[in-house]
Each structure stands twice: as C-alpha cells, then as structure tokens.
Amino acid sequence: MKFESQPSYSLGQRTPASREVAVGENGGNVTLVSQSALGAINRGRVLQALYDNGPKSRADLARLAGVNRTTITGIVQPMIEDQLLIEGDASPSDVKGGKPARPLYFNPDAPMLGAVLLLPGTIQTCLVALTGEIKAVAKAEFDTHGDTEAFIAVMTETLTATLSQAQQAPFGIGVASAGMIDSDNGTILTVNLAPVLTGLPLVAILQERFSLPVAIDHHPRALLVGDRWFGPGRGQQNFAAVYTGEVLGGAFFIDGKVYRGLAGSGGELGHTVVQIDGAPCNCGKHGCWETVAALPWLRKEAARMGLPHPKSITCARLVKEADEGSNAAEELLVRYTRNVAFGIVNLQQTLSLNSYVLHGDVAGGGMKAAELIRQHVEQLVVKRPGQEISITVNGIGEGHTALRGAAGLVLSSHLKLVI
C-alpha cells in the first residue's frame, strides 16, 4: 500500500532561512535565531494555544502566543492555505467598532496522522486527527523471539488495516517504540524483551512500503509529547514523564523543548543507578532504578511476602487491597512508591523540573500512588524556598497518550516545529 505523500510544510520556504534575528528576554543574553527557527517556535506556540484553549481569533492567538498581529497573520495564513486550519463564522468583536472576529481551529477535513505503538509482543496502530481524535485502531501480536520477516509482515498488515481507512494520504506515520532507539537514523538499536526488533531499520522499512514520511522515537518520549500536546504537560515549560511496567523509562521537556540527547539516547532513566552493588539488571549492570521500581521487583516482593497471586500483582491491585485493609499490601505499596520516588529525587536534584507525570503500572495506582510518591520525594529532596513539586497521573490512558505522542512526532516534523 503506497500513498502520494503530502508536501512538507515549511515557513522557511516563504522567508529566507539565512536571515537571523536577536532573541532575548528581560535584558538577558541575546541569541541569534534563524528566521526559519523563529517561525517554527511561533508555529508551536500557536498550535499549543489552540490545543490548550480551543478555537480562537487571530487577535487572541497573537496574545496567547506572544506575537504581534502582523506576525500572527504570517503564521496562520500558510496553514489556512494548506488546509490545516479553518476559519469559523464571524462573531461580533469585543472591541467597539472592531471587525467581527473569525475563530481559527483545526480543519476536520485535513489529512490525518498515522500512529504506531510498538511494545514487546504487541503492535497497535491508529489514525489521529489534528484535534487528537483517534480512529481506525488495529491491534496485533508478534513473536518477540521470532523471525524478522514475520514481524515485518504482521506490522505491514496491521498498519495497512489502519491506513486503508484514511480518506486521503496521511501526513505521515509516527512510531513510539520500546527499547533503545536511534531516532536520527530511524533504527531500533536494541529491545531486551523483544530481540526480534533489535537492529531493525524500521523507518526505512515503513517508508519503502507506504511511501510516507516516518518518524520514530522512544516510547516514554512519545508519552511526553502526548502529555505536552493533550495532557498534563500542556502549557508547561519544564516537566518529565516517568513510565513503569516490565521496564522503566522516562523523558524530559526542558525550557519548552523535548530533550532527546545524542541520536535520541537521552532518557534511559531505568538504567540510572540508585543502589550501588544492588541487584543485577538486564543491561548487565547492578543497582539500576529499574531493578527496584518496575513490575518484576514488585511481583518478586509480593511472592516473598505471601500476597495472593503475586505473578499478576499491579500497583492498582495494591491500592485496592490496601484500601480494603490489607496491611501487607499497604506496606508493599509504600515501599514500591518510595522506590519510584528515589529516581525522581535524583531527577529533581539534577534538573529541578518540579513537575512529573506518571505513566504505566504506577499510574494505575491513581492519585493515592501519586500522592505517596510526592510525599516520599518531599521527604528526600533538598528543597529550595517556594519550590513546589507536582506528581500527577495522566488520566487519558497510556495507549492513547503514546499514540497521540507518536502522531505528534509526525506533526512536528511536517510543520517543522520546535518541540
């Protein structure tokens, strides 16, 4: 199945990228930013304003994005012409004698975004509208230790089932994948729990089969992008996403940008050391955060303590049993959340992000687990005066957040956004 892909959008094509402007705040350091980079920053601000606030007039968008009226026209008009945005019916102006305002919002008939969530043993695909609406969901399983060609066949079949429901060529395909990812070269470097994916140049494979732009990133980083556009990260300039499950990972949003590191290597939080000479980890080291704050540790401890059905224990079940009066469940819940808090304390001491969004198993524990983690962090961290630390749970659901984040990878690439 091949599409004629949408032309890549770039404001830089309309204004020379070689021009540079000085950007500074409150008399601080001045940095030279290319005109195209400034356009990307402003587009990101406008889109985030629409996601955060719904349909808005050009004047409102200019105010929310911090640009003047002339600049806002230069930002939104190309997106209107490319049918990404649409103008609504005019409404009376709040200003006496002013022109009627026409609210702008995402065009419901714009091309959609293909999204893939690839976890050990499972594939989930869907179409995502610019508004975040998810359609045409398809799911499949694959053999984690099987044949590469068999996996590619399952992936192609599943993604074809989704993309065949698109009314027009999607902007592209975004992939949120487990494992260590080289996002610059589009390759899955290694997945300990799914060796069949190790070394797979997935971006090149999907581009060849579907003739669409493809972007790939680390699963927790896609969760972060989903949080940024549609969840608790909206409007924030600094926060982190933390994921726990069979493994542990995370991602950072720092000074208004996703931090990726060299070739997407940033965010391997599960392999930061929290216990010197601790338990062995799948990576070959000892004492990694993942060894004490993921499901394998939780289930091992549940078995040691004699809790019923330890192989299926989750944070959500611990909370339920603790609320029903189980002292053992309460004790294990406190220890588990403290172990999760240890890694967050290291992040807070290093980056001072102040805001952390939980995903995966620990998020299943809801606000009780989040509050326990916050209390542990407050006790362990060296706080500055006036500093408040927020630990929240994304209530949208991990699968949808990751898929929306994967779609966000395509959106940011297509619009040349800085995220």
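For the structure given in this document, a descriptive report is provided here. (Residues numbered from 1 in each chain as written. Predicted model: local features only at pLDDT ≥ 70, side-chain atom pairs only at ≥ 80, totals over all residues. Heavy atoms only, no water.)

### So, the packing of helix α7 (residues 295-304) against helix α9 (residues 327-351)
- At a minimum axis separation of 11 Å, α7 and α9 run at an interaxial angle of 155 degrees. In terms of orientation, α7 and α9 fall into the roughly antiparallel class. Crossing angle aside, the handedness with which α7 passes α9 is right-handed. Here W297, L298, E301, A302 and R304 of α7 lie close against α9, whose contacting residues are L332, R335, Y336 and N339.
- Looking at side-chain class alone, the contact of α7 with α9 contains 5 nonpolar, 1 polar and 3 charged residues. (Axes fitted to C-alpha atoms, helices over the stretch in contact; angles between N-to-C directions. Helix = DSSP H or I, 4+ residues; strand = E, 2+ residues; numbered from the N terminus. Parallel < 35°, antiparallel > 145°, perpendicular 65-115°, else oblique. Left-handed = near helix turned anticlockwise from the far one by under 90°. Contact = heavy atoms within 4.5 Å. Nonpolar A, V, L, I, M, F, W, Y, C, P; charged D, E, K, R; others polar.)

### Observations concerning the nonpolar core
- Core analysis: the biggest nonpolar cluster contains 52 residues, and L61, I72, V76, L113 and L130 have the highest contact counts within it.
- Here this core gets 7 residues from one element, more than from any other, and that element is helix α11 (residues 398-414).
- Contacts of L61, omitting those with residues within four sequence positions, involve V46, A49, L50, K56, I72, V76 and L104.
- Counting residues in each nonpolar core, the second largest holds 41 residues, with I313, A341, V345 and I373 among its members. (Core = buried A, V, L, I, M, F, W, Y, C linked by side-chain atoms within 4.5 Å. Buried < 20%, exposed > 50% of the residue type's maximum accessible area, 1.4 Å probe, protein only.)

### A word on the sheet that holds strand β11 (residues 214-218)
- An order of β7-β6-β5-β8-β11 is seen for the 5 strands of this open sheet, with the pairing classed as mixed. Edge positions in the sheet fall to β7 (134-141) and β11, since each has one partner strand and no second. Within this sheet the neighbouring strands show an average axis-to-axis angle of 15 degrees, counted without direction.
- Pairing geometry for strand β8 (residues 173-177) and β11, over 5 bridges, is parallel. Note that in β11 the partner of S177 across the bridge is H218.
- On the sheet, helix α5 (residues 202-210) packs against β5 (113-119), β8 and β11 and is oriented at approximately 155 degrees with respect to β11. (Pairing = 2+ DSSP bridges.)

### A word on the pairing of β7
- In this structure, strand β6 (residues 122-128) lies alongside β7, joined through 6 bridges in antiparallel fashion. Looking at the pairing, I123 lines up with A140 of β7.
- Taken together, β6 and the strand that follows it, β7, pair antiparallel across an intervening segment of 5 residues, in which G132 is found at a positive phi of about 100 degrees.

### Structural notes on α7
- Taken as a whole, α7 has its buried residues at L295, W297, L298, E301 and A302. All buried residues of α7 fall inside an arc of 160 degrees around its axis, so they share one side. Exposed positions of α7 whose direction lies more than 90 degrees from the buried face are K300 and R304.
- Against the buried residues of α7 lie α8 (315-323) and α9.
- Taken from the residues just after α7, G306 is the one with a positive phi, measuring 80 degrees. (Arc of directions from axis to C-beta.)

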